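Read off the chains here:
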Amino acid sequence: MTGKFIRMLLLLLTVSILTFTLVSMSPIDPLQANVGQAALGAMSQEQKEKLEEYWGVNIPPVRRFINWASDFVRGDMGTSLLYRQPVSRVIGVKLSNSLFLMVIAWLLSGILGVVLGVLAGVFRGSWADRLIKGYSLLISSTPVFWLALLLLLVFAVWLKVLPIGLSVPIGVESAGVTFLDRVRHAILPAVTLSITGVAGVTLHTREKMIDVMESDYMLFARARGERTWTMVKRHGLRNILLPAMTLQFASVSEIIGGSVLVEQVFSFPGLGQAAVTAGTGSDVPLLLGITVVTAAIVFCGNFVADLLYGLIDPRMQKGGEDS
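Residues numbered from 1 in each chain as written. Predicted model: local features only at pLDDT ≥ 70, side-chain atom pairs only at ≥ 80, totals over all residues. Heavy atoms only, no water.

1. As for the overall build of the chain
Moving on, step 1. Counting its regular elements, the chain contains 15 helices and zero strands.
Moving on, step 2. Viewed in the frame of its principal axes, the chain has a C-alpha envelope of about 90 × 60 × 35 Å.
Moving on, step 3. Classification of the 323 residues of the chain by burial places 38% in the buried group.
Moving on, step 4. Pairs at least 24 apart in sequence give 74% of the contacts found in the chain among residues at least 6 apart.
Moving on, step 5. Split by element, the accessible area of the chain, about 18200 Å² in all, is 65% carbon and sulfur. (Helix = DSSP H or I, 4+ residues; strand = E, 2+ residues; numbered from the N terminus. Buried < 20%, exposed > 50% of the residue type's maximum accessible area, 1.4 Å probe, protein only. Contact = heavy atoms within 4.5 Å. Areas by Shrake-Rupley, 256 points an atom, 1.4 Å probe, with all protein chains shown as cover.)

Shown next, in the form of structure tokens:
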């Protein structure tokens, strides 16, 4: 346990250093990107110097990172240069929106993946198996932003049955936004993420189900005259659910990565859209804070997956403890 915690700290440190290095090497001028070339040209030298001081243009990169890291260790993520609010507050608001979206997509992809994988594995070689397998292979190679644009075009523009974007209705105060309003605005982004995330669970569950159906105890159960679905319920599900859950927890990183593109397409004000805004606007404190938080979430998902692997095969848990 201690070794995994140390690896997590090293991972967060490495990710933050790489993120800061990439932002520092970016050709984007924070003054021109956030003020504009015309407005910047009309400013006096004193005003430009104040802006350079605010954005930390003249501070050496190493010193900027050390200042940020020392504050972060003390629990201070800094102040967002774009939102002019504490980074922790900005991340809290954006993360609540993203979690609402990602949890729905995560649950949908897991449930659909297991159901489709079981059907394909039980009826191996049938038209249903070929259809599910073909769908999974097609979706796994489909860009998530293209699928998001397609769903947006069909259900929001053509059919007009779902909102075209955002997380709440336009022109409605926060006090007047209901839970159903948030769900309705999250349907298209969540469905997009779940459709792309279901392929891996489906294919993995299908292979596991095929192995179970060809096992000796399933052949013995079939010889005793048990029905197919009775065998699946009694013997099959208990052997595939835990591996499927393990894979689902390990797919947290894919959900987070896909949410960045999906939030951009649907203008969903979540953590992914804030990360893009911080990157293009050179808001280093906010970008570093988002990077560390998302990396910690991914690590937690992988950590849960490792625990589940240990439950499946105690030898793996013993090997991890010895290392």
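Now that the structure is up, let's keep going.
2. Things to note about the packing of aromatic side chains
Moving on, step 1. On inspection of all chains with the given rule, the structure shows seven aromatic pairs.
Moving on, step 2. Ring plane angle 55° and centroid distance 5.4 Å describe the contact between Phe 20 and Phe 65, whose orientation is recorded as tilted. Of this pair, Phe 20 sits in helix α1 (residues 2-24) while Phe 65 sits in helix α5 (residues 61-73), and the two are 45 residues apart along the sequence.
Moving on, step 3. Residues Phe 65 and Trp 68 carry aromatic rings whose centres are separated by 5.9 Å and whose planes lie at 35° to one another, so their mutual orientation is tilted. Taken together, the residues Phe 65 and Trp 68, both in helix α5 and three residues apart, mark about one turn of the helix.
Moving on, step 4. For Phe 65, a relative accessible area of 14% gives the class buried.
Moving on, step 5. With relative accessibility at 10%, the residue Trp 68 sits in the buried group.
Moving on, step 6. Here the aromatic cluster, defined as three or more aromatic residues joined through ring pairs, consists of Phe 20, Phe 65, Trp 68 and Phe 72. (Phe/Tyr/Trp six-rings, centres within 6.5 Å; stacked < 30°, edge-to-face > 60°.)

3. Let's talk about the nonpolar core
Moving on, step 1. If you look at the biggest cluster of nonpolar residues, it comprises 24 residues, and the most contacted ones within it are Ile 91, Leu 286 and Ile 290.
Moving on, step 2. At the level of elements, α1, α5, α6 (87-122), α13 (271-280) and α14 (284-312) are the ones that each hand at least two residues to this core.
Moving on, step 3. Tallying contributions element by element places α14 first for this core, with nine residues.
Moving on, step 4. Apart from residues lying up to four places away in sequence, Ile 290 is in contact with Ile 91, Leu 271, Ala 274 and Ala 275. (Core = buried A, V, L, I, M, F, W, Y, C linked by side-chain atoms within 4.5 Å.)

4. Concerning a nonpolar patch on the surface
Moving on, step 1. Together, Leu 153, Phe 155, Val 157, Trp 158, Leu 159, Val 161 and Ile 164 give the surface a local cluster of nonpolar side chains, amounting to about 660 Å² of exposed area.
Moving on, step 2. We classify Val 157 as partly exposed; its relative accessible area is 37%. (Patch = residues over 30% accessible without salt bridge, like charges linked within 9 Å, V, L, I, M, F, W, Y side chains within 5 Å. Salt bridge = Lys/Arg side-chain N within 4 Å of Asp/Glu carboxyl O.)

5. Concerning unusual backbone geometry
Moving on, step 1. At Ser 267, a residue that is not glycine, the phi angle is positive and equals roughly 50°.
Moving on, step 2. Of note, Ser 267 is situated in the loop between α12 (252-265) and α13.
Moving on, step 3. Among the residues examined, Ser 267 registers a relative accessible area of 35% and is labelled partly exposed.

6. Looking at α5
Moving on, step 1. Between its first and last C-alpha atoms α5 spans 18 Å; for 13 residues at 1.5 Å apiece the expected length is 18 Å, and the two agree.
Moving on, step 2. Just downstream of α5, Gly 75 is the residue with a positive phi angle, here 95°. (Expected span 1.5 Å × (residues − 1).)

7. As for the environment of Gly 200
Moving on, step 1. Mapped onto the fold, Gly 200 is located in helix α9 (residues 179-213).
Moving on, step 2. Here Gly 200 falls in the partly exposed class, since its relative accessible area comes to 41%.
Moving on, step 3. Gly 200 sits 63 residues away from Leu 137 along the chain, and the two C-alpha atoms are 8.9 Å apart.

8. Brief notes about the confidence of the model for the chain
Low-pLDDT portions of the prediction should not be read for the details of their coordinates.
Moving on, step 1. When the pLDDT values of the chain are averaged, the result is 83; 91% of them are 70 or greater.
Moving on, step 2. The secondary-structure element of the chain with the lowest mean pLDDT is helix α15 (residues 314-322), recorded at 50, while helix α8 (residues 144-158) shows the highest, at 92. (pLDDT = per-residue confidence, 0-100.)

9. Concerning the packing of helix α7 (residues 127-140) against α9
Moving on, step 1. Interaxial distance between α7 and α9 falls to 8 Å at its minimum, and their mutual angle equals 135°. Relative to α9, the element α7 is oriented oblique. Judged by the twist between their axes, the crossing of α7 over α9 is left-handed. Contacts between α7 and α9 involve Asp 129, Ile 132, Lys 133, Tyr 135, Ser 136, Leu 137, Ile 139 and Ser 140 from the first element and Ile 195, Thr 196, Val 198, Ala 199, Thr 202, Leu 203 and Arg 206 from the second.
Moving on, step 2. Tallied by class, residues from the contact of α7 with α9 come to eight nonpolar, four polar and three charged. (Axes fitted to C-alpha atoms, helices over the stretch in contact; angles between N-to-C directions. Parallel < 35°, antiparallel > 145°, perpendicular 65-115°, else oblique. Left-handed = near helix turned anticlockwise from the far one by under 90°. Nonpolar A, V, L, I, M, F, W, Y, C, P; charged D, E, K, R; others polar.)

10. Quick word on α7
Moving on, step 1. Over its 14 residues, α7 runs 20 Å from end to end, which matches the ideal 20 Å to within 8%, given 1.5 Å per residue.
Moving on, step 2. Taken as a whole, α7 has its buried residues at Ala 128, Asp 129, Ile 132, Ser 136 and Ile 139. Viewed end-on, α7 has its buried residues packed into an arc of 115°, placing them on one side of the element. Residues Trp 127, Arg 130, Leu 131 and Leu 138 are exposed on α7 and point more than 90 degrees away from its buried face.
Moving on, step 3. As for α7, its buried residues are in contact with α6 and α9. (Arc of directions from axis to C-beta.)

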